[in-house]
Amino acid sequence: MAATNSNGIFKLPEIKFTKLFINGEFVDSVSGRTFETRDPRNGDVIANIAEGDKEDVDLAVKAAREAFDHGKWPRMSGYERGRIMMKFADLIEANIEELAALDTLDAGKLLTMGKAVDIPAAVHMIRYYAGAADKIHGETLKLSSEFQGYTLKEPIGVVGHIVPWNFPTAMFVMKVGPALAAGCTMIVKPAEQTPLSALYYAHLAKESGIPDGVVNVVTGYGPTAGAALSSHMDVDKISFTGSTEIGRVVMEAAAKSNLKHVSLELGGKSPLIIFDDANLDMAVNLASMAIFYNKGEVCCAGSRIYVQEGIYDEFVKKAVEKAKSWVVGDPFDPNVQNGPQVDKAQFEKVLSYIEHGKREGATLLAGGKACGQKGYCIEPTIFTDVKEDMKIAQDEIFGPVMSLMKFKTIEEAIEKANTTRYGLAAGIVTNDLNVANSVSRSIRAGTVWINCYYAFDAETPFGGYKMSGFGKDQGLHALEKYLQVKSVVTPIYNSPW
Ligand code: ADP
């Protein structure tokens, strides 16, 4: 299969894996059913993927349970786990072209970014946690002259990872990496829109020597496969990334079943605050990237842009020029800046928010409609005159829609920025250190970027405040999510101390 566009012909990746990955084998679903994964460039079917349901989740959990209760992975030294994980990272690195192309085909993500950012960052993530695997330490407790003790950090057990479609690779490694390092076994439920790369990662995990049953992948739908995982009596933890609405459903299922641990990385409506003293071109670039990058399909997208009144008019002019020059098209084309939205449902949802914005009285200054002959491309869109209580200022649109708002004072900016039920991330653009420091302390969000945006790194904890969830991904905080602490106490006899 080949893709064509004005720049030539791009070779599409071969689809090698379409079945569930359970206990080290690719298998059909028990029901034999499949579902279609589609190419967002044109809506065509890419492949039929095994549709996992409750019975398949049961089999995957059984394999993970056996691998946890009796297998080598949780029992081997951290050093040994780390060595195998390093091999896993090497294999990801060796297959960078194919993995990036799979995510481009399945999610409409830019191939250039996949090769330059997503896959190299995945390699980094796995290496980071490989290095952490032998640095999991407890404490010693002196207690009294009669007792002494210590704490052991133990893997939490069988983990279910339920992930969304916007960053299929990053989601896979940021969940699987720390869980592997901790010594857990796991079942990954990728999003139904983007199952392809997860199955490829499962294959590479096996190749690298991760024992059978440790990493399982059950492709399928949320209300069936996802729900079976979050209500399973033999799953010890769910790590979920997705919408706030489904996060609530997952937490309820966990509470109603076995009170499994839950961590949630949910939606956002992140503010980016630009002060008068900012370098205007830099601020326009940052704001455009914060909302248009990955077609706005980013949980921490800077979707509310607050600009101080002194530079507001000039900022609007430049931001509109930038949006109008943004190249939208085939994500395999290196000259393209945005590919299509992931599927028809998202495409329609974003367009309906744009209509809503117009009806609510916001002023449309750029974009506002679909583009291209086929597929799900949307023009980068800018609204001004947006008010805090408008739907487009409150809801997570998950598309390339910038809402621009004006402010006068620092206090007003802080108050407006915090006027949201979410608290995932925020950005500040200023050259005044005091402003940057005091605003970053006042914003109720889990990440604050100063004079940058999307500055991600394996070492930096990421996760929300308020209704954006709890429990961090990335960094050593994420490792802690997959560990539990046991206190061991023993008497000490005849001690003079
Ligand atoms: P989005 O709106 O970004 O698609 P969702 O929260 O709907 O985000 O989906 C994120 C993940 O949650 C996907 O893997 C999806 O299949 C899964 N999911 C959806 N509904 C449920 C559910 N009822 N229980 C468990 N997982 C679900």
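Residues numbered from 1 in each chain as written. Predicted model: local features only at pLDDT ≥ 70, side-chain atom pairs only at ≥ 80, totals over all residues.

1. Comments concerning the overall build of the chain
Along the backbone of the chain there are 15 helices and 26 strands. Expressed as a percentage of its 497 residues, the buried residues of the chain come to 52%. For the chain, long-range pairs separated by at least 24 residues make up 71% of all intrachain contacts whose partners lie at least 6 apart in sequence. (Helix = DSSP H or I, 4+ residues; strand = E, 2+ residues; numbered from the N terminus. Buried ≥ 20, exposed ≤ 12 C-beta atoms within 10 Å, placed from the backbone. Contact = placed C-beta atoms within 7 Å.)

2. As for the pairing of strand 14 (residues 270-274)
A regular strand places its side chains so that they alternate between the two faces of the sheet. The element strand 14 is largely enclosed, with a buried count of five among its five residues. Burial along strand 14 is two-sided: Ser-270, Leu-272 and Ile-274 facing one way and Pro-271 and Ile-273 facing the other are all buried. Chirality of the crossover, the property in question, places the unit of strand 14, helix 9 (residues 280-292) and strand 15 (residues 302-308) among those that are right-handed. Pairing between strand 14 and strand 22 (residues 425-429): three bridges, direction parallel. In the sheet register, Leu-272 faces strand 22, and the bridge partner there is Gly-427. (Right-handed = clockwise from strand over helix to strand, strands pointing away. Pairing = 2+ DSSP bridges.)

3. Quick notes on the site of the ligand
Looking at the ligand, there are 17 residues lining it, with Gly-222, Gly-226, Gly-242, Ser-243 and Ile-246 nearest. Residue assignment for the shell around the ligand shows that the elements contributing at least two residues are helix 7 (222-230) and helix 8 (244-256). With five residues, helix 7 is the largest single contributor of residues to the shell around the ligand. In terms of residue class, the shell around the ligand is made up of ten nonpolar, five polar and two charged. (Near = placed C-beta within 6 Å. Nonpolar A, V, L, I, M, F, W, Y, C, P; charged D, E, K, R; others polar.)

4. Notes on the UniProt feature "active site" (unreviewed entry) in the chain
The UniProt entry lists Glu-265 under the feature "active site" (unreviewed entry), expressed in the numbering used here. If you trace the backbone, Glu-265 turns up in strand 13 (residues 261-265). Residues contacting Glu-265, with those up to four places away along its chain left out, are Thr-241, Gly-463, Gly-464, Gly-469 and Asp-473. (UniProt positions renumbered as here; feature names shortened; annotations may be inferred.)

5. Observations regarding the environment of Gly-296
Locating Gly-296 in the fold gives a position in the loop between helix 9 and strand 15. Sequence separation between Gly-296 and Gly-399 is 103 residues; the distance between their C-alpha atoms is 4.1 Å. Aside from chain neighbours lying at most four places away, what touches Gly-296 is Ile-291, Ala-301, Ile-397, Phe-398, Gly-399, Pro-400 and Val-401.

6. Thoughts on the packing of helix 7 against helix 8
Relative to each other, helix 7 and helix 8 sit at 40°, their axes nearing to 9 Å. By the criterion of interaxial angle, the relationship of helix 7 to helix 8 is oblique. Crossing of helix 7 over helix 8 shows right-handed handedness. Across the interface between the two elements, Gly-222, Ala-227 and Ser-230 from helix 7 touch Ile-246, Val-250, Ala-253 and Ala-254 from helix 8. For the contact of helix 7 with helix 8, the per-class residue count stands at five nonpolar, two polar and no charged. (Axes fitted to C-alpha atoms, helices over the stretch in contact; angles between N-to-C directions. Parallel < 35°, antiparallel > 145°, perpendicular 65-115°, else oblique. Left-handed = near helix turned anticlockwise from the far one by under 90°.)

7. Section: helix 11 (residues 344-360)
The terminal C-alpha atoms of helix 11, which comprises 17 residues, lie 24 Å apart, in line with the 24 Å expected from a rise of 1.5 Å per residue. Regarding helix 11, the residues found buried are Gln-346, Phe-347, Val-350, Tyr-353, Ile-354 and Gly-357. One side of helix 11 holds all its buried residues, which, seen down the axis, span an arc of 125°. Opposite the buried face of helix 11, at more than 90 degrees from it, the exposed residues are Ala-345, Ser-352, Glu-355 and Arg-359. (Expected span 1.5 Å × (residues − 1). Arc of directions from axis to C-beta.)

8. Section: unusual backbone geometry
With a phi angle near 55°, Asn-294 is a residue other than glycine that sits in the positive phi range. Structurally, the position occupied by Asn-294 is in the loop between helix 9 and strand 15. For Asn-294, a count of 22 C-beta atoms within 10 Å corresponds to the buried category. Look at Lys-466: it is not a glycine, yet its phi comes out positive at around 50°.

9. As for the sheet that holds strand 20 (residues 401-407)
Taken in spatial order, the seven strands of this open sheet run 16-19-20-15-14-22-23, and their pairing is mixed. On the outer flanks of this sheet lie strand 16 (363-366) and strand 23 (447-450), each paired with one strand and no other. Sheet twist, expressed as the mean angle between neighbouring strand axes with direction ignored, is 25°. Looking at chain direction, strand 19 (residues 381-384) and strand 20 are connected through three bridges and run parallel. Residue pairing for strand 20: Ile-382 is matched across the bridge by Met-402. Across the sheet, helix 13 (residues 410-417) lies against strand 14, strand 15, strand 20 and strand 22, angled at about 145° from strand 20, the strand it touches most.

10. What to know about the nonpolar core
The nonpolar side chains of soluble globular proteins are, as a tendency, buried together. If you look at the biggest cluster of nonpolar residues, it comprises 94 residues, and the most contacted ones within it are Ile-126, Tyr-129 and Met-186. Not counting residues within four places of it along the chain, the set of residues in contact with Met-186 comprises Ala-64, Val-158, Val-159, His-161, Val-176, Ala-179, Val-215 and Asn-216. Of all hydrophobic cores here, the second largest spans 59 residues; its members include Phe-275, Tyr-306, Val-316 and Val-439. (Core = buried A, V, L, I, M, F, W, Y, C linked by C-beta atoms within 7 Å.)

11. Some details on the environment of Met-467
With respect to the helices and strands, Met-467 occurs in the loop between strand 24 (465-466) and strand 25 (469-470). Classification of Met-467 by C-beta neighbours within 10 Å gives partly exposed; the count is 19. Residues within four places of Met-467 in sequence aside, it is in contact with Thr-244, Leu-266, Arg-421 and Tyr-422.

12. Remarks on the domain arrangement of the chain
Reports of interface size often rely on the accessible area that becomes lost once the parts have come together. According to the domain assignment, the chain consists of domain 1 (20-266 + 464-485) and domain 2 (270-450). Computed over C-alpha atoms only, the centres of domain 1 and domain 2 are separated by 31 Å. Contact with domain 1, which involves 20 residues of that partner, is made by 24 residues of domain 2. Those elements that place two or more of their residues in the side of domain 1 that touches domain 2 are helix 3 (96-107), helix 4 (111-132) and strand 24. (Domains from an automatic or database assignment.)

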